Number of protein chains: 2
Amino acid sequence: MQGTPQPALAINHISVDCVVFCIENDELYVLLVKRDTNELHDMKLPGGMVYKEEILDVAAQRILKDLTGASVDSLRQFRSYSAKGRTNDPRDTHWLSHTLNTDIDSILTVAYFSVVNTKRTINKESSGIWVPLKSIGELAFDHNRILQDGFNHLQRIATVEPSILFEFLPRKFVISQLRAVYSLIYDKEFDVRNFHKQVNQMAWVKPLEERQKNVSHRAARYYKFDKVAYKRFFKFVANW
Amino acid sequence: MQGTPQPALAINHISVDCVVFCIENDELYVLLVKRDTNELHDMKLPGGMVYKEEILDVAAQRILKDLTGASVDSLRQFRSYSAKGRTNDPRDTHWLSHTLNTDIDSILTVAYFSVVNTKRTINKESSGIWVPLKSIGELAFDHNRILQDGFNHLQRIATVEPSILFEFLPRKFVISQLRAVYSLIYDKEFDVRNFHKQVNQMAWVKPLEERQKNVSHRAARYYKFDKVAYKRFFKFVANW
DNA sequence: GCAAAAGTGTTGGGCATACACCCATGA
DNA sequence: TCATGGGTGTATGCCCAACACTTTTGC
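This write-up is about the structure you can find in this document. Bear in mind the structure is a predicted one, so any value in this text is a computation, not a measurement. (Residues numbered from 1 in each chain as written. Chains lettered and ligands numbered in written order. Predicted model: local features only at pLDDT ≥ 70, side-chain atom pairs only at ≥ 80, totals over all residues. Heavy atoms only, no water.)

1. Some remarks on the relation of the copies chain A and chain B
Line of reasoning, step 1. Screw-axis analysis of chain A against chain B gives a translation of 0.0 Å along the axis, an RMSD of 0.1 Å, and a rotation angle of 179°. Here the symmetry operator amounts to a two-fold rotation axis.
Line of reasoning, step 2. Of the residues that chain A buries at the interface, 100% are likewise interface residues in chain B, meaning the two copies contact each other through the same surface. (Least-squares fit on C-alpha atoms with pLDDT ≥ 70 in both. Contact = heavy atoms within 4.5 Å.)

2. Some words on the interface of chain A and chain B
How big an interface is tends to be expressed through the accessible area that disappears when the partners come together.
Line of reasoning, step 1. If you look at the interface, chain A gives 40 residues, while chain B gives 40 residues.
Line of reasoning, step 2. Elements that contribute at least two residues to the side of chain A that touches chain B include exactly β1 (11-24), β5 (76-82), α2 (90-100), β6 (107-116), α3 (143-160) and α4 (175-186) of chain A.
Line of reasoning, step 3. Here the side of chain A that touches chain B gets 5 residues from one element, more than from any other, and that element is β5 of chain A.
Line of reasoning, step 4. The residue makeup of the side of chain A that touches chain B, split by class, is 24 nonpolar, 10 polar and 6 charged.
Line of reasoning, step 5. Pairing geometry for β1 of chain A and strand β1 (residues 11-24) of chain B, over 3 bridges, is antiparallel. Bridge assignment links Asn 12 of chain A to a residue of β1 of chain B, and that residue is Asn 12 of chain B. (Helix = DSSP H or I, 4+ residues; strand = E, 2+ residues; numbered from the N terminus. Nonpolar A, V, L, I, M, F, W, Y, C, P; charged D, E, K, R; others polar. Pairing = 2+ DSSP bridges.)

3. Quick word on the protein's contact with DNA strand D
Line of reasoning, step 1. Around DNA strand D, the surrounding shell holds 19 residues, and the nearest of these are Lys 197, His 217 and Arg 221 of chain A together with Val 215 and Arg 218 of chain B.
Line of reasoning, step 2. Sugar and phosphate atoms form 39% of the subset of DNA strand D atoms that lie within 4 Å of the protein.
Line of reasoning, step 3. Within the side chain of Arg 218 of chain A, a nitrogen or oxygen atom sits 3.4 Å from a base nitrogen of DNA strand D.
Line of reasoning, step 4. One of the backbone nitrogen or oxygen atoms of Arg 221 of chain A is found 2.7 Å away from a phosphate oxygen of DNA strand D.
Line of reasoning, step 5. At the level of elements, α5 (192-201) of chain A together with α5 (192-201) of chain B are the ones that each hand at least two residues to the surface near DNA strand D. (Near = heavy atom within 4 Å. Polar contact = N/O pair within 3.5 Å; in protein donor to acceptor, adjacent residues only side chain to side chain.)

4. Here's the deal with the sheet that holds strand β8 (residues 173-174) of chain A
Residue and element names in this part refer to chain A.
Line of reasoning, step 1. Strand order in the open sheet made by the 3 strands is β8-β10-β9, with antiparallel pairing throughout. Here the strands that pair on one side only, and so sit at the sheet edges, are β8 and β9 (205-211).
Line of reasoning, step 2. Where β9 and strand β10 (residues 221-225) come together, 4 bridges link them in antiparallel fashion. Across the sheet, the residue bridging to Lys 206 is Lys 224, located in β10.

5. Focus: the pattern of salt bridges
Residues and elements named next belong to chain B.
Line of reasoning, step 1. Going through the model one piece at a time under the given rule, you end up with 14 salt bridges over all chains.
Line of reasoning, step 2. Put simply, Lys 134 and Glu 27 hold a salt bridge, and the shortest N to O gap is 3.5 Å. In this pair, Lys 134 sits in the loop between β7 (128-132) and α3 (143-160) while Glu 27 sits in strand β2 (residues 27-34), placing the two residues 107 residues apart along the sequence.
Line of reasoning, step 3. Classification of Lys 134 as exposed rests on a relative accessible area of 72%. (Salt bridge = Lys/Arg side-chain N within 4 Å of Asp/Glu carboxyl O. Buried < 20%, exposed > 50% of the residue type's maximum accessible area, 1.4 Å probe, protein only.)

6. Concerning the environment of Glu 210 of chain A
Residues and elements named next belong to chain A.
Line of reasoning, step 1. With respect to the helices and strands, the residue Glu 210 is situated in strand β9.
Line of reasoning, step 2. Judged by relative accessible area, which is 34%, Glu 210 ranks as partly exposed.
Line of reasoning, step 3. Separated by 11 residues in the primary sequence, Glu 210 and Arg 221 place their C-alpha atoms 6.2 Å from one another.
Line of reasoning, step 4. Among the polar contacts listed, one links the side chain of Glu 210 to the side chain of Lys 172, at a separation of 2.7 Å.

7. Some details on the packing of aromatic side chains
Between two aromatic rings, the relevant description is the distance of the centres plus the angle of the planes.
Residue and element names in this part refer to chain A.
Line of reasoning, step 1. One pass over the structure, following the stated rule, counts 24 aromatic pairs over all chains.
Line of reasoning, step 2. Ring centres of Phe 166 and Phe 225 lie 4.4 Å apart, and the angle between their planes is 20°; on these two criteria the pair is classed as stacked. You can see Phe 166 sitting in the loop between α3 and β8 and its partner Phe 225 sitting in strand β10, a full 59 residues away along the chain.
Line of reasoning, step 3. You can call Phe 166 buried: its relative accessible area is 6%.
Line of reasoning, step 4. Centroid distance Trp 204 to Tyr 230: 5.5 Å. Interplanar angle 90°. Geometry classified as edge-to-face. A residue pair is termed long-range when its members are at least 10 positions apart, and Trp 204 in the loop between α5 and β9 and Tyr 230 in helix α6 (residues 227-233) qualify at 26 residues. A single burial state applies to Trp 204 and to Tyr 230, both of which are buried. (Phe/Tyr/Trp six-rings, centres within 6.5 Å; stacked < 30°, edge-to-face > 60°.)

So, in structure tokens, the structure goes:
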């Protein structure tokens, strides 16, 4: 900038990787895709290259849709990873150049995360597959690290903006479902009676008249999340 | 990927912008730089282009150092911004192409934030200038937005990892300084007596024997932040 | 002695925790 | 009638909030 000779500027391809969570049957799942080779680690986060002139958020939507069939609103980026040291594994580089038909010099990856309320958001014919977080093994590239960062991010967001927890649930849900979400994200058990009291005090969780049908036990009441009330009433207060 | 003709991939220059905070005399400051033209808005966040092969974190350090003289460890990225719609202002584009001597097609910006404990970290001869957050006007590009995001991020991080609040303070500090930090970041007043009690219960804030000297009032005791104790004792517990 | 900031204790109310039994339903 | 999960109340203790005066020091 002072007229002195400048080093060359970085010129990068941009990619996005998506960490998508879902809870079903008391289990926290992450959306992965199978890679189309048969080598050692064959799972990765859904992700791909951003096109020229493409908005990042749009690219994330498109890539997720293409790979898994999932249409997800509320994809939020949580951090970026520069390429250095990310693609040392020769299998990865081979796969990349094969897939992209071009020599990669460097890639900057922006990681997104999202929460969906049913595993059925994905297309069964796609390469997308839901894997329980607990049983995820070694992933391609640095995707284990990205996944870990994404989960930490989810936990932090949940503490400051608990509305995100309701994205795991359908519009109508019962309290035991909500309790399961809390248990999995905060990794702790909640007392049933106290949890009911808590929920009653959340002005943004509104009881419906409707109840479960055809269940072989007392039918539970449905509740819904009230976004307007949430915005009006929720104030995060940490006690220090 | 299926052999169908692909759209061109994004090829971007990468830039970083830094949001650096400092507290002095009960005032929260942000580090800005003056732009070297005399047009309407002449302040921006310190930032610049990343060089080829350069690690992002290193680039952020370098750029901050070059522009303001500040050597800051613990620069953390908090989100990225894709270029679309960021440089519509003709004065900005003119300035960019003038400064870079190249045609810009698009830039992806990664934003970093940091906290320093004294305004003296910057070089007075540099273009860096500390401006009270409250009195910051219109900035170049989308820097007002980035700044806002950065401050929100700081607040969120502070609630889940309060250790960051101690980065505003020198190694030895008195409780009224700590209280000022809490007040500014949480934007609320803390009762003096209750605050003392709180601090006494933080195992990671250790009293020293040393006291203030040459103050025209009762000399306050110095305290220090104990990182090891913090890691051992601090557990974030939200109450829901 | 006065101005300026440091430091200190108690009380009341509210909120989190712990805990066990009856209810409704389908099979 | 049994198995399954839904739903409810109370008592205790802890923590948070509110509140005012004395101490130390420099000038």
